[in-house]
Structures are given as structure tokens and as C-alpha cells.
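Single-letter residue listing:
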Amino acid sequence: GAGVSQSPRYKVAKRGQDVALRCDPISGHVSLFWYQQALGQGPEFLTYFQNEAQLDKSGLPSDRFFAERPEGSVSTLKIQRTQQEDSAVYLCASSLRTDIPQHFGDGTRLSIL
Amino acid sequence: QQQVKQSPQSLIVQKGGISIINCAYENTAFDYFPWYQQFPGKGPALLIAIRPDVSEKKEGRFTISFNKSAKQFSLHIMDSQPGDSATYFCAAFNDYKLSFGAGTTVTVRA
């Protein structure tokens, strides 16, 4: 596709369930970022990949959050034992080189009941 | 703590008017300052960006002014159009991380 694709677009889960969010970056893009956006707020950095290497995961809120990009393309953000405070839009972005996020996907809206 | 402070929270401008959004930062390690535009239900879209060694950058109707000594930067939207109605975020970048402001909702009245 022409842009960054995220799936699912909406996810509803019960508290305590595990969820997996997928990001398909633009083909050939080296950098991949995950951000969390709470309602009415600016996005907050979660983690950064350069190809398959996770170079920064300092923004992950807890050890319940895990991200991977095993072949340097598609990435998955996994949240274990979800809590209500995990409810947010999760945004993925990619860049051709190692610079700022240039192309964001439309996000996955996660609601934890 | 929010590393980039953005104001105002919202603004209303008449069609053809100028919208001005201001941002301030503290961390002098930031080395790139982009602005993003976001429509409801969509991801942020990169609008324009500036490096700290440049005082002004213009792209079409959008201009960034940058004051390194004051650690402030602003976005000017000239000749505002109804299609510009959106939320705008300033951001600052270093070490792979973007720190976003809280956003400004711009409404352009026809």
C-alpha cells in the first residue's frame, strides 16, 4: 500500500486480556515508531526500531508492553493483562531513514472494558 | 512532564485570516522541530519542520518562526481556509524520540 497500515482499526478487550496490534510500514522504510495517544492529548513515544533492532523502548509504560519487528518490516505491539488505563489510540509511524516520523498510520483505537 | 508547551489550546479564525500557534521547550538537546496536522480519526501528518540553526521556514501558506535563544517556535497559517480546520501539534526531536505539545484545535469559519 501507499501508506502505513494498522490493524485492527478498533479493538475492544476485557480487562486482563492480551491484545496484539499490527503495523505494516511503508515498504523499505528503515525506521518504525510506536506512539500512544490519549484522548485530547499529543502522542507519547513508546518505542523505536531501526530495521529489526529495537533501539529504544524507554517509553513503554510497563513490562506488560512488548514490541517486535523480527524481519525489519511488519511490527507488532503486544499488551498483556490489559488495564483500563491502556485505553488509547496506538499510532505507528515509519521513515525512510533514521530521522523523524514522517508517515503515521491512522492508529488502532483500543478500549479496555 | 511535558517537554514542549503549546498554546493556545484552541482558536477560531475567519476564512482568509492568520492562525498563530506558539510552542516553547527547555531541552537544548532537541535538534529538529516539526509540526503535524491531525484530522479526527486520522494519524498526524507531517506539515513542515525546521532545524534550530534556521530562523524561519516557509512552505506555501505555512511558516515556522524559530527563536533559539528564547527556546520558542511558532506556526503561522496564512490565508486560513475551512479545510485547515484540524488539530495542530508542535514537536521536538532528539535521540529517535518526538516530544509532542498538547495540541491546538483550529477552527476556520467561512
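Just so we're clear, the structure is a prediction, and the values are computed from it rather than from any experiment.

> Can you walk me through the side chain of Gln37(B) in this structure?
Residues and elements named next belong to chain B. Along the chain, Gln37 falls in strand S4 (residues 33–38). Take Gln37: its relative accessible area is 12%, and that puts it in the buried class. There is a polar contact of 3.0 Å between the side chain of Gln37 and the side chain of Tyr88. Look past the residues within four positions of Gln37 in its chain and what remains in contact with it is Gly43, Pro44, Ala45, Leu47, Asp84, Ala86, Thr87 and Tyr88.

> Quick question: what am I supposed to make of the sheet that holds strand S8 (residues 75–79) of chain A here?
Backbone-to-backbone hydrogen bonds join strands into a sheet, with any given pair of strands oriented parallel or antiparallel. Residue and element names in this part refer to chain A. Spatially, S1-S3-S8-S7 is the arrangement adopted by the 4 strands of the open sheet, whose pairing is antiparallel. The open sheet has two free edges, formed respectively by strand S1 (5–7) and strand S7 (65–68), since each of these has just one partner strand. Averaged over all adjacent pairs, the angle separating strand axes in this sheet is 15 degrees, with direction ignored. Bridging between S7 and S8 involves 4 bridges; their strand directions are antiparallel. Pairing of Glu68 across the sheet is with Thr76, part of S8.

> Honestly, the interface of chain B and chain A in this entry has me stumped. Any pointers?
Where interface size is quoted, it is often the accessible area lost as the parts come together. The interface is formed by 18 residues belonging to chain B together with 22 residues belonging to chain A. Ranking the residues of chain B by area buried against chain A places Tyr96(B), Lys97(B) and Phe100(B) at the top, with a combined share of 34%. For the interface between chain B and chain A, the tally reads 2 salt bridges. We note a salt bridge from Lys42(B) to Asp106(A), for which the minimum N-O separation is 3.6 Å. If you look at where chain B meets chain A, you find 6 residue pairs in polar contact (both at pLDDT 80 or more). Elements supplying a minimum of two residues to the side of chain B that touches chain A: S4, strand S9 (86–94) and strand S10 (97–100) of chain B. When the residues that make up the side of chain B that touches chain A are grouped by side-chain class, the tally is 11 nonpolar, 4 polar and 3 charged.

Basis of the calculations
Residues numbered from 1 in each chain as written. Chains lettered and ligands numbered in written order. Predicted model: local features only at pLDDT ≥ 70, side-chain atom pairs only at ≥ 80, totals over all residues. Heavy atoms only, no water. Helix = DSSP H or I, 4+ residues; strand = E, 2+ residues; numbered from the N terminus. Buried < 20%, exposed > 50% of the residue type's maximum accessible area, 1.4 Å probe, protein only. Polar contact = N/O pair within 3.5 Å; in protein donor to acceptor, adjacent residues only side chain to side chain. Contact = heavy atoms within 4.5 Å. Pairing = 2+ DSSP bridges. Axes fitted to C-alpha atoms, helices over the stretch in contact; angles between N-to-C directions. Buried area = accessible area lost by both parts, 1.4 Å probe. Salt bridge = Lys/Arg side-chain N within 4 Å of Asp/Glu carboxyl O. Nonpolar A, V, L, I, M, F, W, Y, C, P; charged D, E, K, R; others polar.

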